[in-house]
Amino acid sequence: MRKERIGFAFCGSFCNHPRVLMLYEELSEEFELVPILSENAAQYDTRFGLSSDLIARVERAAGRSAIRTIVEAEPFGPQNLADVLVIAPCTGNSLAKLAHGVTDGPVTMAAKSHLRNGKPVVIALATNDGLSASAPNLATLLNRK
């Protein structure tokens, strides 16, 4: 029996990574995970952790390498790599890019590619602006199929 496949994209809301990683590791016990890392999530060491540790945990739980480039993310949809795409934590920046069709990184490219198949994208928004600046972008996405 095939496990459900979850594409799981991490954006650069670094303060949320520890909690999201715990959920991600729990999901890996029950689902097949396809990890995706934004350039910022894969590159920057912060007071919340080292990028190398994030990459190691994400890849170990999934049992595969993370998608980290636009080129790697483009075939995400055509190759039917996931049943659902989760973007968690999704920064206000990534939300704005999704709302305006900007595909300049692996997370936004994977989302665009996945949506070509009419499959669901779950966005776990994590933004410090109290949603004030992100509200128009959130509304834009809520109005899309």
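The coordinates are above.
Since we're looking at a predicted model, the values are computed, not measured.

J.: So what exactly am I meant to see when it comes to the overall build of the chain here?
T.: From N to C terminus, the chain includes seven helices and four strands. Secondary structure of the chain in N-to-C order comes out as β-α-β-α-α-α-β-α-α-β-α. Over its C-alpha atoms the chain spans a radius of gyration of 14 Å, differing by no more than 12% from the 15 Å that the globule rule assigns to 145 residues. Seen along its three principal axes, the alpha-carbon backbone of the chain occupies a region of about 40 × 35 × 25 Å. For the chain, the residues scored as buried account for 44% of the 145 residues in total. If you take every contact in the chain between residues at least 6 apart in sequence, the share linking residues at least 24 apart comes to 79%. Per element, the accessible surface of the chain, about 7700 Å² overall, is 54% carbon and sulfur. The distance from the centre of the 15 positive side-chain charges to the centre of the 15 negative ones in the chain is 5 Å.

J.: Would you mind showing me how to read the environment of Gly 12 here?
T.: Mapped onto the secondary structure, Gly 12 falls in the loop between strand 1 (5-10) and helix 1 (17-28). Judged by relative accessible area, which is 21%, Gly 12 ranks as partly exposed. Distance from Gly 12 to Ala 41, taken between C-alpha atoms, is 4.7 Å for residues 29 residues apart in sequence.

J.: What exactly am I supposed to notice about the environment of Leu 50 here?
T.: Tracing the backbone shows Leu 50 in the loop between helix 2 (39-43) and helix 3 (51-62). Residue classification places Leu 50 among the partly exposed positions, given a relative accessible area of 43%. In this structure, the C-alpha to C-alpha distance between Leu 50 and Phe 14, residues 36 residues apart in sequence, is 9.9 Å.

J.: Could you clarify how one ought to interpret the sheet that holds strand 2 (residues 32-37) in this entry?
T.: Hydrogen bonds along the backbone pair up the strands of a sheet, which may run parallel or antiparallel. The strand order across the open sheet formed by four strands is 2-1-3-4, and the pairing between neighbours is parallel. The outermost strands of the open sheet, each flanked by one partner alone, are strand 2 and strand 4 (121-125). Across the sheet, the mean angle from the axis of one strand to that of its neighbour is 20°, orientation sign disregarded. Taken together, the four bridges between strand 1 and strand 3 (residues 84-90) define a ladder with parallel strand orientation. Counted as the bridge partner of Gly 7 is Leu 85 from strand 3. Contacts from helix 1 reach strand 1, strand 2 and strand 3, with the element oriented near 165° to strand 1.

About the criteria used
Residues numbered from 1 in each chain as written. Predicted model: local features only at pLDDT ≥ 70, side-chain atom pairs only at ≥ 80, totals over all residues. Heavy atoms only, no water. Helix = DSSP H or I, 4+ residues; strand = E, 2+ residues; numbered from the N terminus. Rg over C-alpha atoms; globule rule 2.2 N^0.38 Å. Buried < 20%, exposed > 50% of the residue type's maximum accessible area, 1.4 Å probe, protein only. Contact = heavy atoms within 4.5 Å. Areas by Shrake-Rupley, 256 points an atom, 1.4 Å probe, with all protein chains shown as cover. Lys, Arg positive; Asp, Glu negative; His and termini not counted. Charge placed at Lys NZ, Arg CZ, Asp CG, Glu CD. Pairing = 2+ DSSP bridges. Axes fitted to C-alpha atoms, helices over the stretch in contact; angles between N-to-C directions.

What is shown is where atoms sit, not what they do.
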